[in-house]
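Listed below are the residues making up each chain.
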2 protein chains.
Amino acid sequence: MRVLVLGATGGLGSALAHLLREHTLFLSGRRSLPLRELAEALGGTPLPGDLTDAIEAKALLEEAGPLDLLLHAVGVAGRAPVRETSRELLEGMLSAHLLTAHHALRYARLQQGGRAVFFGAYPTYVRVPGFAAYAAAKGALEAYLEAARKELRREGVHLILVRLPAVATGLWAPLGGPPKGALPPEEAARKVLEGVLAEPPPEVLEV
Amino acid sequence: MRVLVLGATGGLGSALAHLLREHTLFLSGRRSLPLRELAEALGGTPLPGDLTDAIEAKALLEEAGPLDLLLHAVGVAGRAPVRETSRELLEGMLSAHLLTAHHALRYARLQQGGRAVFFGAYPTYVRVPGFAAYAAAKGALEAYLEAARKELRREGVHLILVRLPAVATGLWAPLGGPPKGALPPEEAARKVLEGVLAEPPPEVLEV
């Protein structure tokens, strides 16, 4: 398989990349030094770039070429009450989750039968006080994917939405660390791949 | 009641404003001439401004003062396949629906027991091919409100999400006109007010 992991230097992306090292692997992330090190360790091709930028996104997805599997392990977390949520926080959250996903989908060349995987969130976990911006970003992504899935299906491409419980990654650093009981990223990655590679491909995978 | 209608020069906002003319009425919209004419006809106060701009939003909500009812009848529609959806279209859709709602909520002074009303969408109607950006904006708004509701409840403020079927307004102009069977705006407005002013206030009103 030709596989592209977006957000490969993050906790979940890196764990996914390690499990996919036997495939033709393309790895993308914004931090180019750790990305190059990871790509070297796994025998993959590093494609550094900022996915919120349409031109960079287009270039890196064209360089990756035709794909069987695309994993969008990109995002940020943040907490603020509504009254203290700035425009920058709200728009930054939407860029990180929705705009990067849109650019990936818009410019990816997914093969017939290919799968593109994105990470949503359980509504009851994120639609809570202090998380309005994060909830909005995940709600936007899930709604976007549901509409996009029906378009991409016509090209024989499968969009898969994965909902994970909390995973113990650096995503939680701005919030003071992961919550108790968070899944180790290796375990989360194993469950994700097992689910998204199943036949027939699921539309929504709840781990 | 002290009432503020945002998007008052739109089809739905204008119909809502007409039904609320017996109250102390503040009307906001971006087009200042039709706004002034409407305010004059209804004996209300015009508060022109662009709600995507934090400074303008703050100023106009402060000028409106303490509110018993805020109606956010703001939004745009647009259609494009995912592959042809530009960053501008996606971000413009999110600004029009989510950012304006956030600014309204962030800067409004809602009285104890006050109600703030926003318009979502039935997922099955909007999560369809060609509507990924619109679906994302409505999905973001609904998720945001669910989190924000739990914060605002502590201040004794009720957030109400209304889902309407298609309403025959100018919103549909970019799409070639409203779909068959769209509700006349006067009828939609009557149903909205009847529902959102009920006791106890609903969290979600499906018309």
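Scroll up a little and you will see the structure.
As a starting point, this report considers the structure included with it. Only a predicted model underlies this, so the values are computations on that prediction, with no experimental measurement involved.

What to know about the relation of the copies chain A and chain B
Superposing chain A onto chain B takes a rotation of 180° combined with a translation of 0.0 Å along the rotation axis, leaving an RMSD of 0.0 Å. The transformation relating the two chain copies, once decomposed into turn and shift, fits a two-fold axis. Among all C-alpha atoms of chain A, that of A140(A) lies closest to the rotation axis, at 2.1 Å. When the interface residues of chain A are mapped onto chain B, 100% of them again lie at the interface, so the same face is used by both copies.

Some words on the interface of chain A and chain B
Facing the 42 residues of chain A at the interface are 42 residues of chain B. Summing both partners gives a buried area of about 3,400 Å² for chain A against chain B, and 58% of it is carried by carbon and sulfur. It is V82(A), R83(A) and R127(A) in chain A that bury the most area against chain B; as a group they hold 21% of the surface buried on that side. Applying the counting criterion to the chain A and chain B interface returns four salt bridges. Of the charged contacts in the structure, one is a salt bridge between R127(A) and E146(B), with a shortest N-O distance of 2.8 Å. At the boundary of chain A and chain B, one finds 20 residue pairs in polar contact (both at pLDDT 80 or more). Put simply, the parts of the chain that give the side of chain A that touches chain B at least two residues each are α4 (87-107) and α6 (132-152) of chain A. The element best represented in the side of chain A that touches chain B is α6(A), accounting for 13 residues. Tallied by class, the residues present in the side of chain A that touches chain B amount to 22 nonpolar, eight polar and twelve charged.

Criteria and cut-off values
Residues numbered from 1 in each chain as written. Chains lettered and ligands numbered in written order. Predicted model: local features only at pLDDT ≥ 70, side-chain atom pairs only at ≥ 80, totals over all residues. Heavy atoms only, no water. Least-squares fit on C-alpha atoms with pLDDT ≥ 70 in both. Contact = heavy atoms within 4.5 Å. Buried area = accessible area lost by both parts, 1.4 Å probe. Salt bridge = Lys/Arg side-chain N within 4 Å of Asp/Glu carboxyl O. Polar contact = N/O pair within 3.5 Å; in protein donor to acceptor, adjacent residues only side chain to side chain. Helix = DSSP H or I, 4+ residues; strand = E, 2+ residues; numbered from the N terminus. Nonpolar A, V, L, I, M, F, W, Y, C, P; charged D, E, K, R; others polar.

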